[in-house]
Amino acid sequence: SIEKLLSADKIEISGNQKIEVLTDWGGKVQTYNFGKRLKELRSQRSLTQSELEKLCGLPSMVLPHYENGTRKPGLDNILLICKGLKCSATDLLCI
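Residues numbered from 1 in each chain as written. Predicted model: local features only at pLDDT ≥ 70, side-chain atom pairs only at ≥ 80, totals over all residues. Heavy atoms only, no water.

### So, unusual backbone geometry
- Here M61, not a glycine, exhibits a phi torsion of approximately 70°, which is positive.
- Its place among the elements puts M61 in the loop between α3 (49–56) and α4 (63–68).
- Judged by relative accessible area, M61 falls into the exposed class, the value being 52%.
- One non-glycine residue with positive phi stands out, namely K86, at about 55°. (Helix = DSSP H or I, 4+ residues; strand = E, 2+ residues; numbered from the N terminus. Buried < 20%, exposed > 50% of the residue type's maximum accessible area, 1.4 Å probe, protein only.)

Right, dumping it as structure tokens:
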């Protein structure tokens, strides 16, 4: 849930878009490819990158960078993406 995400001790996004969520509540460290998961959820909803950027209120050409791993999203943008995809943070972050 979003509570788990917000209570996480540390969220790290490396250059290759693997996200590690380290918790202080005894949860597991989870690592996965953020860009791949973002593209998968966007494709499932038949959205283009541009359409999702508009739904999220993100600047144009941000999503291609997230999906390719050349930029790292901050927590604010992760939450905006969740809103645009109409999914939970647990779905996007595989928590």
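### Some details on the side chain of E53
- Looking at the element boundaries, E53 is found in helix α3.
- At 7.9 Å, K54 is the nearest oppositely charged side chain to E53, a buried residue that forms no salt bridge.
- Here the side chain of E53 touches L63 through a polar contact of 3.0 Å, landing on its backbone nitrogen.
- Setting aside chain neighbours within four positions, we find E53 in contact with L58, P59, S60, M61, V62, L63 and P64. (Lys, Arg positive; Asp, Glu negative; His and termini not counted. Salt bridge = Lys/Arg side-chain N within 4 Å of Asp/Glu carboxyl O. Polar contact = N/O pair within 3.5 Å; in protein donor to acceptor, adjacent residues only side chain to side chain. Contact = heavy atoms within 4.5 Å.)

### Some details on α3
- All buried positions along α3 are accounted for by L52, E53 and C56. Viewed end-on, α3 has its buried residues packed into an arc of 105°, placing them on one side of the element. Exposed residues lying more than 90 degrees from the buried face of α3 are K54 and L55.
- Where α3 is buried, its residues contact α2 (34–44), α4 and α5 (75–85).
- G57, located one to two residues past α3, shows a positive phi value of around 75°. (Arc of directions from axis to C-beta.)

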